[in-house]
Amino acid sequence: MAAFELDHDPTRWGRGSGDGLTDAAQTFLVQQVGVGQARQAPGWDDVRVGPSRLGAELVAGLARLLGADHVLVDDAARRRHAGGLSYLDLLARRLDAVSAPDAVVLPGSEADVTEVLAWCEANGVAAVTFGGGTSVVGGLRTGEVDRPSIMVSMARLDDVLDVDVESHLVTVGAGITGPELERILATRGLTLGHFPQSWQRATIGGYAATRSAGQSSTGYGRSDEMVESMVVVTPRGTLRVGRVAASAAGPDLRALMIGSEGAFGVITQVTLRVRAVPAVTSDTAVVFPDYEAGLAAFRAMAQSGATADVMRLSDPAETAVTLAMSGPAGRGAELLDRYLGVRRVREPSMAILGWEGTRRAVAARRVEGLGMLTRHGAVSLGPTVGAAWRRHRFDGPFLRDDLMDAGYLVETLETATHWSRLTELRSTVESVLRAALADEGPGPYVMSHVSHVYDTGASLYVTVLARQGDDPVAQWRQAKAAATDALVAQGATITHHHGVGRDHAPWLNAEVGSLGVDILQSVKQKLDPAGVLNPGVLGLS
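Scope of this entry: the structure provided in the associated data block. (Residues numbered from 1 in each chain as written. Predicted model: local features only at pLDDT ≥ 70, side-chain atom pairs only at ≥ 80, totals over all residues. Heavy atoms only, no water.)

Quick notes on the overall build of the protein
For the protein, the count of helices and strands is 19 helices and 18 strands. The globule rule puts the C-alpha radius of gyration for 541 residues at 24 Å, and the 23 Å found for the protein is close to it. Overall, the protein is about 75 × 55 × 45 Å in size when its C-alpha atoms are taken along their principal axes. Among the 541 residues that make up the protein, the fraction classed as buried is 56%. Contacts in the protein between residues far apart in sequence, at least 24 positions, make up 77% of those at least 6 positions apart. Only carbon and sulfur atoms are counted for the fraction: they give 52% of the accessible area of the protein, which is about 22000 Å². Across the protein, 50 positive and 61 negative side-chain charges occur, with their mean positions spaced 4 Å apart. (Helix = DSSP H or I, 4+ residues; strand = E, 2+ residues; numbered from the N terminus. Rg over C-alpha atoms; globule rule 2.2 N^0.38 Å. Buried < 20%, exposed > 50% of the residue type's maximum accessible area, 1.4 Å probe, protein only. Contact = heavy atoms within 4.5 Å. Areas by Shrake-Rupley, 256 points an atom, 1.4 Å probe, with all protein chains shown as cover. Lys, Arg positive; Asp, Glu negative; His and termini not counted. Charge placed at Lys NZ, Arg CZ, Asp CG, Glu CD.)

Examining the side chain of serine 212
Checked against the element boundaries, serine 212 lands in the loop between α8 (204-210) and α9 (217-220). Taking relative accessible area as the criterion, serine 212 reaches 8% and is therefore assigned buried. For serine 212, the side chain forms a polar contact with the side chain of histidine 194, separated by 2.7 Å. Sequence-distant contacts of serine 212, that is, excluding residues within four places in its chain, are made with His194, Tyr207, Arg222, Ser223 and His497. (Polar contact = N/O pair within 3.5 Å; in protein donor to acceptor, adjacent residues only side chain to side chain.)

Details of the packing of aromatic side chains
Geometry of an aromatic ring pair is reported as the spacing of the ring centres plus the angle between the planes. Counting across every chain of the model gives 3 aromatic pairs. Geometrically, the ring pair formed by phenylalanine 28 and tyrosine 445 is edge-to-face, given 4.9 Å between the ring centres and 85° between the ring planes. On the criterion of sequence distance, the pair formed by phenylalanine 28 in helix α2 (residues 23-32) and tyrosine 445 in strand β17 (residues 445-450) is long-range, its members being 417 residues apart. There is no split in this pair, since phenylalanine 28 and tyrosine 445 are both buried. Relative to tryptophan 199, the ring of phenylalanine 195 lies with its centre 5.3 Å away and its plane at 65°, an arrangement referred to as edge-to-face. Within the aromatic cluster, the residues linked to one another by ring pairs are Phe195, Trp199 and Phe394. Taking NZ or CZ as reference, arginine 275 lies 4.6 Å from the ring centre of tyrosine 220, over its face. Lying over the aromatic face of phenylalanine 195, arginine 393 brings its terminal NZ or CZ to 4.9 Å of the ring centre. (Phe/Tyr/Trp six-rings, centres within 6.5 Å; stacked < 30°, edge-to-face > 60°. Lys NZ or Arg CZ within 6 Å of the ring centre and 35° of its normal.)

Topic: the sheet that holds strand β3 (residues 126-130)
With mixed pairing, 4 strands are arranged side by side in an open sheet as β1-β2-β4-β3. Edge positions in the sheet fall to β1 (71-72) and β3, since each has one partner strand and no second. By the bridge criterion, 2 bridges tie β1 to strand β2 (residues 103-105) in an arrangement that is antiparallel. Note that in β2 the partner of valine 71 across the bridge is valine 105. In this fold helix α6 (residues 110-123) packs onto β2, β3 and β4 (149-153), with an angle of close to 175° to the strand it touches most, β4. (Pairing = 2+ DSSP bridges. Axes fitted to C-alpha atoms, helices over the stretch in contact; angles between N-to-C directions.)

Dropping the structure here:
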């Protein structure tokens, strides 16, 4: 099992620096959100779990299948696998309200998974697949399952099974993590190029099961575009979906399994499309006179085929935070202030862009892209801010730990819509969140960015900071529901890349229609008639 999974504190994303919030961050929070009431997380051993509902005979049956070392019922193992890493999941642990699985099992082969699912059917036990444990939509929340449950950890299915350098394909066990895969691919001069913020912990099976997107997805594509084929074990047999890059052999069953979140089967093996390691990576930051100019520039780049691999446009609120924390200093700050003053810019919007590839290709694409940005009023901030973003791009979840310690609600939601609706969508969602989380202080603070662009539209990623209320669980549930209602009313998707899980399930009908949900339930019934596979995700039973 990966050391990170074994060692992390279940009340936190990770260990972080241990330094807490900086003086600048604390000043910002007091001025923009208000003073939080510190709520220190309990220690590792203080997070309690209830007794397992699996009797000794059932545990012995699992041990006969997998070996006693691969069936864990101790409190520490169950605690480590108690839910995902959403704000609500972390809050539950901090409030000593965690619901742990009744056991954790570690199959070592496709045959082991088959036997475990048969055992679950025979004994009426739910099976929830656990990769890196990074779900932020309630996908691993077994407390909402109406029967005993086990976590089926993919930690032992973490091998690289084949590398086809000529075809740029790699076949791996579903439990391998992003960093480990990149390390192995690098020895062959290859990369997957998929870097979600959960990259340090997330697994390849999790990428496919949730249809994740990475920070370079504008250039590299989302994870669903990287999957060539998969092996999926179901209670009714094993599916091998996908064969080659493209096929006209009927509806695409591979696409049906991608994003199924463990409701249809357990992904045990994935073949991925990889690329050559880029010879050059070039990041830059620019600032636009306003948000609308930035959107127009990004749309022009997307629709003319001139995109960068990384494209991230912050709204004025997020720009203010970023510049305060990592913007230019000294002469650079003075020049920026002078530029903004001459242009009478009161709400600048900053963009981060990154190009990867051969030296010649990056140079040509960068010139074309920067020219288009300049025509929309962008001015360069130089390499410092872009370099700082790449250096700290995985730090967000660790900062959340410190914010929660200080008594703040900090959570995100994401969506996507068409270019013609993006401005109104952002305004509506932010207004709804501000109204839902308003208190007597200056907050909440709501900020957002565009991070994945397409010809027809873009994603919108919203972060909200507020002081925790007396009932912080209800506080966020109410705000999240109001925001998701607004997404539906605006015709946006309920999720661009986090998945449905249990948190978004009540709104899936609005997205795909009642017939669409019936189709998914029919597939569930065919593959999992006893309903043992992650009951409740996608709203399926």
